[in-house]
Amino acid sequence: MSMLSVRDVSYIYQSKYQSIEAVRHVSCVFESGKLYAVTGPSGSGKSTLLSLLAGLDLPTSGEILVEGKSMASLDRDQYRREIASVVYQSFNLFPLLTALENVIYPMELLGKKKPEAVEIAMQLIGEVGLGEKTYQQFPIMMSGGEQQRVAIARALAAGGKILLADEPTGNLDSANEKNVVELLRTLAHKQGYLVIVITHNPYVAEQADAVYRMRDGELQTDGRA
Ligand SMILES: Nc1ncnc2c1ncn2[C@@H]1O[C@H](COP(=O)(O)OP(=O)(O)O)[C@@H](O)[C@H]1O
Ligand SMILES: [Mg+2]
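About the criteria used
Residues numbered from 1 in each chain as written. Chains lettered and ligands numbered in written order. Predicted model: local features only at pLDDT ≥ 70, side-chain atom pairs only at ≥ 80, totals over all residues. Heavy atoms only, no water. Helix = DSSP H or I, 4+ residues; strand = E, 2+ residues; numbered from the N terminus. Polar contact = N/O pair within 3.5 Å; in protein donor to acceptor, adjacent residues only side chain to side chain. Salt bridge = Lys/Arg side-chain N within 4 Å of Asp/Glu carboxyl O. Buried < 20%, exposed > 50% of the residue type's maximum accessible area, 1.4 Å probe, protein only. Near = heavy atom within 4 Å. Areas by Shrake-Rupley, 256 points an atom, 1.4 Å probe, with all protein chains shown as cover.

Draft legend 1. Summary view of the environment of Y212. Tracing the backbone through its elements, the reader meets Y212 in strand β9 (residues 210-215). The sequence separation of Y212 and I198 amounts to 14 residues, and the corresponding C-alpha distance is 9.4 Å. Among the polar contacts listed, one links the side chain of Y212 to the backbone oxygen of V29, at a separation of 2.7 Å.

Structure (structure tokens):
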């Protein structure tokens, strides 16, 4: 059974004066253990699709299934807290918390005991390739690549199985970009996460197991899916 199945999903932004069909009749599946890239021109509906996959909103029509269960029937707050996490181009770390505290934060929300949360946070920081000296650093003291790694560690801290990333390397230089893509691949291939990355970057798309291209809200696959 697919981790996520998108079935004939459309999404319309409705305002008083206009309606914009940002996603049109999209159908696709996403399997655990794979890295997917979603590409396409600006305004083609990529971020809207990602927000539907993240459970931030429900489709206007069609449905998204999570391991066979309709998203509409799930507790979406719980889905967002415990199953799917999103990483953004701008990292969005809490500036007044250290790297370690940033990673601990989602676990505290879930009611994990502090010593256990600290231990898991240290482990995750190691898994994303950062050293102990990072623990006490504030975001402003870290490079973009390091901040993005901390953001990924924080996204994983809730223990979910789905990692969604909207242009995660958009603010990184090419060396850091390569490292972050390698990390995302490892998380998918070695640890079994479903990783979905929106990207404009041909290198990132090349590293993915499958590429979905969006155009005017519609989705095409490249045959590798
Ligand atoms: N909050 C919103 N309200 C109204 N229209 C929106 C909103 N967000 C995005 N759109 C429109 O939906 C379409 C798809 O946007 P988006 O999903 O952000 O595309 P992409 O991420 O590919 O650039 C665009 O026409 C955009 O202007
Ligand atoms: Mg976007």
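Draft legend 2. Structural view of the pattern of salt bridges. One pass over the full model with this rule turns up four salt bridges. Note that R24 and E21 form a salt bridge whose closest N and O atoms lie 4.0 Å from each other. Among the residues examined, R24 registers a relative accessible area of 33% and is labelled partly exposed. Judged by relative accessible area, E21 falls into the partly exposed class, the value being 29%. Two residues, K161 and E67, come together in a salt bridge whose shortest N-O distance is 3.4 Å. Of this pair, K161 sits in the loop between α5 (144-157) and β7 (162-166) while E67 sits in the loop between β4 (61-66) and β5 (69-70), placing them 94 residues apart in sequence.

Draft legend 3. A look at the site of ligand 1. In the vicinity of ligand 1, the contacting residues are Y13, I20, A22, P41, S42, G43, S44, G45, K46, S47 and T48. The backbone of S44 places a nitrogen or oxygen atom 3.1 Å from an oxygen atom of ligand 1. T48 is positioned such that a nitrogen or oxygen atom in its side chain is 2.5 Å from an oxygen atom of ligand 1. Here ligand 1 loses 59% of its free accessible area of 560 Å² to cover by the protein chains. For the shell around ligand 1, the secondary-structure elements that each account for two or more residues are β2 (19-30) and α1 (46-53). Ranked by the residues each element gives to the shell around ligand 1, the list is headed by α1, at three residues.

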